[in-house]
Amino acid sequence: MTDRNEHRQQACGFRGRGLIAHERGAMIPRAFSGTVIARFEHAVTIAVSGESLIMALVTRREGMSARALLLPALPRELRTGAAVCASDGRARFGEQPRGRSSEWVARTLTPAPAAQATAAAGGEIDFAGAPWYYGHLSAAPVTSCRSEQMVAPVPPPPALIAGLLEIVREHGRGGGLLGLLDRRRENVFSAFAARLLGIKGARRSTAEYEKLVGLGGGLTPAGDDFVMGVLAAEELGAPTLIDRDAVSRRLAHAESTTVVSATMLRLALAGMFPAYLTAVGAELTAVPAAMRDAERRGGPARASRELRPTVLRALEYGHSSGTDALVGLLWGLTGARVAAFGSVPV
Amino acid sequence: MKRIIVRKDSYYDSVVLMSISAEIKKIDGVGEAVVAMGTEVNLTLIKDMGLDSDEVRAAGPNDLIIALEGESEEVVSSAETKVNELLRKKSSADGQAAYRPTGVESAVKIMPDANLVIISLPGQYAGREARKALQADRHVMLFSDNVPIETEIELKKLAQERGLLMMGPDCGTAMINGMPICFANVVRRGEIGLVSAAGTGLQEVACSIEKAGGGVSQGIGTGGRDLKNERVGGTMVRMAVEALAQDPETKVIAVISKPPAKAVIPSVMDTLKAAGKPCVVHFIGAESAAGEGNIHYATSLEETARMAVALSRGERYTGQEFDMPEEEIAALVERETAGMAPQQQFVRGLFAGGTLTDEAVFALHEPLGGVYSLDPVDPAFELRDPHRSQGHTIVDLGEDVFTVGRPHPMIDASIRTERIEQEMEDPEVAVLLIDCVIGYSSHPDPAGAMLGVLQAAKSRARERGGYLAVVGSVTGTEGDSQNIHDQRRKLESVGCVVMPSNYQAAKLVERIMARRASQ
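Residues numbered from 1 in each chain as written. Chains lettered and ligands numbered in written order. Predicted model: local features only at pLDDT ≥ 70, side-chain atom pairs only at ≥ 80, totals over all residues. Heavy atoms only, no water.

### Brief notes about the overall build of chain A
Each helix and strand in chain A was counted, giving 10 helices and 11 strands. For chain A, the proportion of its 346 residues judged to be buried stands at 58%. For chain A, the accessible area works out to roughly 13,600 Å², and carbon and sulfur atoms hold 51% of it. (Helix = DSSP H or I, 4+ residues; strand = E, 2+ residues; numbered from the N terminus. Buried < 20%, exposed > 50% of the residue type's maximum accessible area, 1.4 Å probe, protein only. Areas by Shrake-Rupley, 256 points an atom, 1.4 Å probe, with all protein chains shown as cover.)

### Examining the overall build of chain B
When you go through chain B residue by residue, the secondary structure sums to 19 helices and 18 strands. Across the 519 residues in chain B, those meeting the buried criterion constitute 59%. Across chain B, contacts joining residues at least 24 apart in sequence account for 71% of those joining residues at least 6 apart. Carbon and sulfur atoms form 49% of the exposed surface of chain B, whose accessible area is close to 19,600 Å². (Contact = heavy atoms within 4.5 Å.)

### Topic: the sheet that holds strand β3 (residues 64-70) of chain B
Residues and elements named next belong to chain B. In space, the 3 strands of this open sheet follow the order β1-β3-β2, with antiparallel pairing throughout. One side of each edge strand has no neighbouring strand; the edge strands of this open sheet are β1 (2-7) and β2 (30-37). Within this sheet the neighbouring strands show an average axis-to-axis angle of 10 degrees, counted without direction. (Pairing = 2+ DSSP bridges. Axes fitted to C-alpha atoms, helices over the stretch in contact; angles between N-to-C directions.)

### Remarks on the sheet that holds strand β14 (residues 346-351) of chain B
Residue and element names in this part refer to chain B. If you walk across this open sheet you meet the 5 strands as β15-β14-β16-β17-β18, and the pairing is parallel. Each edge of the open sheet carries a strand with a single partner, namely β15 (393-396) and β18 (497-499). Direction aside, neighbouring strands of the sheet carry axes that sit 20 degrees apart on average. Two strands pair when backbone bridges link them, and β14 and strand β16 (residues 429-437) are joined in this way by 5 bridges, in the parallel orientation. Across the sheet, residue G349 finds its bridge partner in β16, namely L433. Helix-sheet contacts for helix α14 (residues 354-365) involve β14, β15, β16 and β17 (469-475), and the interaxial angle to β15 is about 160 degrees.

### Comments concerning the confidence of the model for chain A
Residues and elements named next belong to chain A. Predicted confidence across chain A gives a mean pLDDT of 76, with 72% of residues reaching 70 or more. Long-range and interchain partners of residues 201-205, a stretch whose pLDDT sits below 50, account for 12 contacts in this model, where long-range means more than four residues apart. Note that residues 340-346 has pLDDT below 50 and, in this model, 18 contacts with residues that lie over four places away or in other chains. (pLDDT = per-residue confidence, 0-100.)

### Brief notes about the pattern of salt bridges
As enumerated under the stated definition, the model contains 47 salt bridges over all chains in all. Here E235 of chain A and R244 of chain A are joined by a salt bridge, their closest N and O atoms 3.8 Å apart. The same class applies to E235 of chain A as to R244 of chain A, namely buried. A salt bridge links E463 of chain B to R460 of chain B; the nearest nitrogen and oxygen atoms lie 3.1 Å apart. (Salt bridge = Lys/Arg side-chain N within 4 Å of Asp/Glu carboxyl O.)

### Comments concerning the confidence of the model for chain B
With 96% of its residues at a pLDDT of 70 or more, chain B has an overall mean of 89. Low pLDDT (under 50) marks residues 92-99 of chain B, which in the prediction has 25 contacts with non-local residues, meaning those over four places away or in another chain.

### Section: the nonpolar core
Residue and element names in this part refer to chain A. Membership of the largest hydrophobic core comes to 72 residues, with the highest contact counts inside it found for L164, V168, Y209, F226 and L329. At 8 residues, the largest contribution of residues to this core is made by helix α4 (residues 222-235). Each residue touching V168, except ones within four places of it in the same chain, is listed here: L178, L181, V311, L315, L326, V327 and L330. (Core = buried A, V, L, I, M, F, W, Y, C linked by side-chain atoms within 4.5 Å.)

The following block contains the structure:
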């Protein structure tokens, strides 16, 4: 096990031919085995044996999630089809792990003939001592305990929500569900989403949000990003709009969405969100008193200035994923009224 | 003019897909273009646009669909060329390619070093794939149920001839070489080898071993029919015991199963005796028997674990019913029964784990004067309607009758929460007995998912002037992502009495009901 101090000293993130993870998602098990199913510029996704959730290795902090390891780089060997196997917080890839346990009982668990061939070159990732990433949006996540004894989170003040809306409208990327906030940005997906939600210019807060799961382009379809945003709003104290059991049931159907997106939504249902969204959440909740002060001193315009850098970074995530998640967040924070009024009802 | 392009098993990130969409929309004459993964709702949208085709209907969520609408054949052809060019460019840039083997042969090609194949297919197809895996010299874990008995016999014979493990059918849990497979827990490696016909049985024993300070060398699942069906004849149990007998890491062997078919017992017992290592045997629901030679009989899953740990340390096992002192149990019973209304007289056990259900049914059937269930001790107590409890009822909500079209309750908590909602309207219910199984593949927060409904059930009983006792246990360890302590705390936060094991939970219910009878 890597000593935590030693871990901190490995600032560059490399040791020998191995990598040291900067951060470790809370839902990454100590031991797992899997196969790389896709490699992107800043991420590798891994199907984990015996689990429905995939996991990811990412190199950008904003893509960090509870099922990801944040790495300084993605080794070349982590190509599609590569095996990844971890135990005690060390993941090995590109070669078949060997140990005395794999040699037990020649009669029964003899390694397959092919395994006796020379192992391919591989590498190692040490994540045992990496700091944990939980992805919680508030100190008392709604999902982790709905006990009456818990203090309910206080939703962000209206000025802050209005500021968020202004930035999303101005800088949000089209292609997904931005059309739900701004008719000028409507496209085939947002029009279909509006239909599924039963929106005809009037408020509707009892929509079946689970129907949006899987809607839209992208590896995480826009509808999924949107639903995650609404779930995030609930975590921040907004009224409940989503029937979580219905979303779970929908996700149970393999055809409902991509495996990457299903993982993202399952984590969101458990109160765990990607880093780009938790950063926005932190801005919205960290210092409510200061925000109330901002509201007093400058209203939405000032709040918008305070939020701008973080929100712009979130909007840059994916193609339209960041935008769609923030559209969902706004939708949730306003109790679905943002579509009807085109502004934040105060 | 419309055209559909389907790329099977294609993973491209959102930026790539959106940029393709933007590029083709720039082509003069292209009207609508949808570039999306083939999820259910996207397929509906594409059909709505009048772009339906056989290819679209056959697409799945990991297939990329490009639906184009253009003013002429030339326009859509040029758009298709552009799409292919962009995708090709992206593939060669990132080295990304599809990975989704369509069968055992292609999976073996992609991962030639793999020596174990997990198969989870509808029962009618599972046998064929299992046969291919065995013929390719790979061990098999067959998760699927509904595999014909003839197929099981044939597969196990083939496996035996080739010296391979054929775990299952209906095998949900295994721990091979320290690697948890399917539903399993984070348990330290150690000296106890487990052979189990049952999934949650193996989990409960493995977790109890961890709690008792021991560790597991191997956990081999065999499937429920291996010992129960005399035609299968305990083939895999015997092979697994022989393997563990030779395994230098295994000091003690534990076998867990429902009582075997009579014809199978002699050969299994001979194998155990020949193992030359201490063996703990627990046949759930069987009459207790005195040990003989290296064979020791346990009366519960928890006792199996504790006995095995004691034997691995060369210690003598001394059993006790409860971990808590007797006075604490008595106080607990008083507390839980004090507020009950006179009409509250029945136990309702709502379980996610099949073996945990069996253990509770066997533990409570006699003391309570009969427990209705889908697999009762006495056929007279077969539950008439699985969806409606009668008298004392204990049900395994993982039975097919509850899971048609739905995930198993260890994954989808709603099956149980809905049933609790139903039970809470019955004023005769005195005790709810539950399990909470965590670990790999299980619900990320099974206790959290039950909190709301358990609170509601207790409130409903209070409104009627009574008190609903909720008793349960958590099958899991500290290392599981859901964490046993977190799960226990959550259940306790709503007034649930969480016992150290399923067996102790059932025994506490027995005490509660005995106290009720005397009130």
